[in-house]
Amino acid sequence: MAKVGIIMGSDSDLPIMREAIEILESFEIETEVDIVSAHRTPEKLYSYATEAHKRGIHVIIAGAGGAAHLPGMVASMSPLPVIGVPVKSRNSIDGWDSVLSILQMPGGVPVATVALDGAKNAGILAAQIIGTADKTIQNKIISYKEGLKEKVIKASEGIKK
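Let me begin by describing the structure that accompanies this report. (Residues numbered from 1 in each chain as written. Predicted model: local features only at pLDDT ≥ 70, side-chain atom pairs only at ≥ 80, totals over all residues. Heavy atoms only, no water.)

Considerations on the environment of Tyr-48
So, step 1. Mapped onto the elements, Tyr-48 comes out in helix α2 (residues 42-51).
So, step 2. Setting aside chain neighbours within four positions, we find Tyr-48 in contact with Gly-5, Ile-6, Ile-7, Glu-32, Val-36, Arg-55, Ile-57 and Ile-60. (Helix = DSSP H or I, 4+ residues; strand = E, 2+ residues; numbered from the N terminus. Contact = heavy atoms within 4.5 Å.)

Following this line, the structure appears as structure tokens:
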């Protein structure tokens, strides 16, 4: 069974990161959720990053605000794909500090980065990654996207009336 690890720098990030949890649950993908601070719990970060794949996690979603080192530090130590969610936190510079900290990774340490507060898209991307090897999940993604299309078609028809 596929599993996605969802971590964040503090519990204040949970309202944003909940969107990733919810979309993954809708695809029936198990999640493991935790708080791992790059700056306050570096030993926990090291342990999480180096052991997640041994616990059956397939993709890691890491949300962080401010300096936002969590996704990059995890990516530097883990063999798993890491998706970074920049979080606009109260101490943020309008979110740009988070976006750039996650986006501007050095060569050899990739972090797939979604939009500011884009945890839902991070969840969808994690499901798509898992879907490359799991046809059941891939079919759920296909249905989800079909549903998006249907919403637009209905809205289009409704506006024409």
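The structure having been displayed, the exposition proceeds.
Observations concerning the side chain of Ser-37
So, step 1. Structurally, Ser-37 is set in the loop between β2 (30-35) and α2.
So, step 2. A distance of 2.9 Å separates the side chain of Ser-37 from the backbone nitrogen of Arg-40, its partner in a polar contact.
So, step 3. Not counting residues up to four positions away in its chain, the partners in contact with Ser-37 are Gly-9, Pro-42 and Leu-45. (Polar contact = N/O pair within 3.5 Å; in protein donor to acceptor, adjacent residues only side chain to side chain.)

Examining the nonpolar core
So, step 1. In terms of nonpolar packing, the biggest core is built from 26 residues, with Val-4, Ile-6, Leu-24, Ile-29, Ile-61 and Val-85 touching the most fellow members.
So, step 2. At the level of secondary structure, the elements contributing two or more residues to this core comprise β1 (3-8), α1 (14-26), β3 (59-65), β4 (82-87), α5 (119-131) and α6 (135-160).
So, step 3. When near neighbours in sequence (up to four residues on either side) are disregarded, Ile-6 contacts Met-17, Ala-20, Ile-21, Leu-24, Thr-31, Glu-32, Val-33, Asp-34, Tyr-48 and Ile-61.
So, step 4. Counting residues in hydrophobic clusters, the runner-up holds 20 residues, among them Ile-7, Ala-68, Leu-70 and Val-109. (Core = buried A, V, L, I, M, F, W, Y, C linked by side-chain atoms within 4.5 Å. Buried < 20%, exposed > 50% of the residue type's maximum accessible area, 1.4 Å probe, protein only.)

Quick look at the side chain of Asp-97
So, step 1. As for its placement among the helices and strands, Asp-97 is situated in helix α4 (residues 96-103).
So, step 2. There is no salt bridge for the buried Asp-97, and the closest opposite charge comes from Lys-88, which lies 9.3 Å off by N-O distance. (Lys, Arg positive; Asp, Glu negative; His and termini not counted. Salt bridge = Lys/Arg side-chain N within 4 Å of Asp/Glu carboxyl O.)

With respect to the sheet that holds β3
So, step 1. Spatially, the 5 strands line up as an open sheet ordered β2-β1-β3-β4-β5, and their pairing is parallel. Here the strands that pair on one side only, and so sit at the sheet edges, are β2 and β5 (112-113).
So, step 2. Where β3 meets β4, 6 bridges bridge the pair, whose relative direction is parallel. Looking at the pairing, Gly-63 lines up with Val-85 of β4.
So, step 3. Across the sheet, α1 touches β1, β2, β3 and β4, and the angle it forms with β1 is around 175°.
So, step 4. In the packing of helix α3 (residues 70-77) onto the sheet, the strands contacted are β1, β3 and β4, and the crossing angle to β3 comes to about 150°. (Pairing = 2+ DSSP bridges. Axes fitted to C-alpha atoms, helices over the stretch in contact; angles between N-to-C directions.)

Some words on unusual backbone geometry
So, step 1. Of note, the phi angle at Ala-68 is positive, near 55°, even though the residue is not glycine.
So, step 2. Checked against the element boundaries, Ala-68 lands in the loop between β3 and α3.
So, step 3. Phi is positive for Asp-94, which is not a glycine, with a value near 60°.
So, step 4. You can see Asp-94 is positioned in the loop between β4 and α4.
So, step 5. Owing to a relative accessible area of 52%, Asp-94 belongs among the exposed residues under this scheme.

Notes on the environment of Phe-27
So, step 1. Assignment of secondary structure puts Phe-27 in the loop between α1 and β2.
So, step 2. Residues Phe-27 and Lys-154, spaced 127 residues apart in sequence, show a C-alpha to C-alpha distance of 23 Å.
So, step 3. Excluding residues that lie within four positions of it along the chain, Phe-27 makes contacts with Ile-124, Ala-127, Ile-137, Lys-140, Ile-141 and Tyr-144.

A closer look at the pairing of β3
So, step 1. When you tally the buried positions in β3, you get 6 out of 7 residues, the bulk of the element.
So, step 2. Pairing of β1 with β3, which is carried by 5 bridges, proceeds in the parallel orientation. Following the sheet pairing, Met-8 is matched in β3 by Gly-63.

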